[in-house]
Amino acid sequence: MNRLVSFALKVLLLPIGSAAYHLVTGANGFVGRHVVYSLLKRHHDGNDEARKRPIVCLVRAEKVRAEKKYWRAQAENMRKDPAIIRVLPYDMLDGGTTLSDALECAIADESANKRVCVYHVASSFGPTPDPVRTARNNVKSAEDAVSCLAKCSELHPASRFRLVLTSSMAAVRATSQSPLNGKYYTHNDWNTKSKLNETNWGSCLYHFSFAQSRNIHTSKHK
């Protein structure tokens, strides 16, 4: 893991409580695996309090079996209890159904102590046959994640929820804009230059999907 990713994860994984139930969408992707690995590394098992903080990997249904095997091996290599890791099916295009199911499981699990944190990492990346639809799907996925947590917050007011969305510089800088070293970016710096069109995935649609996804998260929490 490079220094930039390592630093980003230190900020990303700020605790929301001593006994949080962590869910990671897209847990089998590049960033997703780093997030899960960091959560597992920070996990202190061997006591009852630690068992109240399971890590749930949300992946495509066809990946569940392989991911269970993968994370069991990782946990054993780190001398962690494999039971800490749970793997559940997830579909970022099902309107939030599988994420809602996972959230309800978290609420029903009394050991979670009613603190839930979702790290929404899942997204489609790279050129596809229909890049415009891919960009729209990424935005819709983020919108569904926000809606799911908002609904759960209403249904379970005694519980605490936190949603963390990851992104590259695409959310705040268009292709024509160079990153500004030392600048602390906020929601006031959203990338508004990248537009939805069919010209080029890398220079436009990729940036558009990330900027719009993160803007949805912010606007719905004002």
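Everything in this summary refers to the structure shown in the same document. Note that the structure is a prediction, hence the values are computed from the model and not measured.

**A short note on the overall build of the protein**
Part 1: When you go through the protein residue by residue, the secondary structure sums to 7 helices and 5 strands.
Part 2: Across the protein, helices and strands are ordered from the amino to the carboxyl terminus as α-β-α-α-β-α-β-α-β-α-β-α.
Part 3: Taken over 222 residues, the protein has a buried fraction of 45%.
Part 4: A separation threshold of at least 6 residues defines the contact pool for the protein, and within that pool the share at least 24 residues apart is 73%.

**Structural notes on the pairing of strand 4 (residues 115–120)**
Part 1: The buried fraction of strand 4 is high, at 5 of 6 residues.
Part 2: Sheet analysis places strand 1 (residues 21–25) next to strand 4, joined by 5 bridges and oriented parallel. Residue Y21 lies in a different strand from strand 4, and its bridge partner there is V116.
Part 3: As paired elements, strand 4 and strand 5 (residues 160–165) share 6 bridges and run parallel to each other. Opposite C117, over in strand 5, you have R162 as the bridge partner.

**Regarding the environment of M78**
Part 1: Secondary-structure assignment places M78 in the loop between helix 4 (64–77) and strand 3 (85–89).
Part 2: M78 sits 37 residues away from K41 along the chain, and the two C-alpha atoms are 7.6 Å apart.
Part 3: When sequence neighbours within four positions are dropped, the list of residues in contact with M78 reads Y37, L40 and K41.

**Here we look at the state of the cysteines**
Part 1: As enumerated under the stated definition, the model contains 0 disulfides in all.
Part 2: Free of any disulfide, C148 has its nearest cysteine sulfur in C152, 6.8 Å distant.

**Concerning unusual backbone geometry**
Part 1: A positive phi angle is found at R79, which is not glycine, with a value near 60°.
Part 2: Relative to the assigned elements, R79 resides in the loop between helix 4 and strand 3.

**Focus on the packing of helix 5 (residues 97–108) against helix 6 (residues 131–155)**
Part 1: Two elements in contact, helix 5 and helix 6, have axes whose closest approach is 10 Å; the angle formed by their N-to-C orientations is 35°. Crossing of helix 5 against helix 6: the hand is right-handed. Counted together, L99, S100, L103 and E104 of helix 5 and A145, C148, L149, C152 and L155 of helix 6 form the full contact between these two elements.
Part 2: A per-class count over the contact of helix 5 with helix 6 returns 7 nonpolar, 1 polar and 1 charged.

**Digging into the nonpolar core**
General note: in soluble globular proteins, nonpolar side chains tend to be found buried as a group.
Part 1: If you look at the biggest cluster of nonpolar residues, it comprises 23 residues, and the most contacted ones within it are L23, L58, L99, L103, V116, V118 and F161.
Part 2: Contributions of two or more residues to this core are made by strand 1, strand 2 (55–59), helix 5, strand 4, helix 6 and strand 5.
Part 3: Residue contributions to this core peak at 6 residues, all from helix 6.
Part 4: Residues within four places of L99 in sequence aside, it is in contact with T25, L58, Y90, V118, A145 and C148.
Part 5: Counting 20 residues, the second largest nonpolar core, distinct from the first, contains V59, A75, I84 and I85.

**Concerning the sheet that holds strand 4**
Part 1: Read across the open sheet, the 5 strands follow the order 3-2-1-4-5; overall the sheet is parallel. Unpaired on one side and paired on the other, strand 3 and strand 5 mark the two borders of the sheet. Strand after strand, the sheet turns through a mean of 20° between neighbouring axes, direction not considered.
Part 2: Packed onto the sheet, helix 6 meets strand 4 and strand 5 and runs at close to 170° relative to strand 5.

**A short note on the environment of A27**
Part 1: Locating A27 in the fold gives a position in the loop between strand 1 and helix 2 (30–42).
Part 2: When the C-alpha atoms of A27 and V121 are compared, they prove to be 7.3 Å apart, with 94 residues separating the residues in sequence.
Part 3: Setting aside its immediate chain neighbours within four residues, A27 contacts G32, R33, V36, C57, L58, V59, E67 and W71.

Calculation criteria
Residues numbered from 1 in each chain as written. Predicted model: local features only at pLDDT ≥ 70, side-chain atom pairs only at ≥ 80, totals over all residues. Heavy atoms only, no water. Helix = DSSP H or I, 4+ residues; strand = E, 2+ residues; numbered from the N terminus. Buried < 20%, exposed > 50% of the residue type's maximum accessible area, 1.4 Å probe, protein only. Contact = heavy atoms within 4.5 Å. Pairing = 2+ DSSP bridges. Disulfide = S-S within 2.5 Å. Axes fitted to C-alpha atoms, helices over the stretch in contact; angles between N-to-C directions. Left-handed = near helix turned anticlockwise from the far one by under 90°. Nonpolar A, V, L, I, M, F, W, Y, C, P; charged D, E, K, R; others polar. Core = buried A, V, L, I, M, F, W, Y, C linked by side-chain atoms within 4.5 Å.

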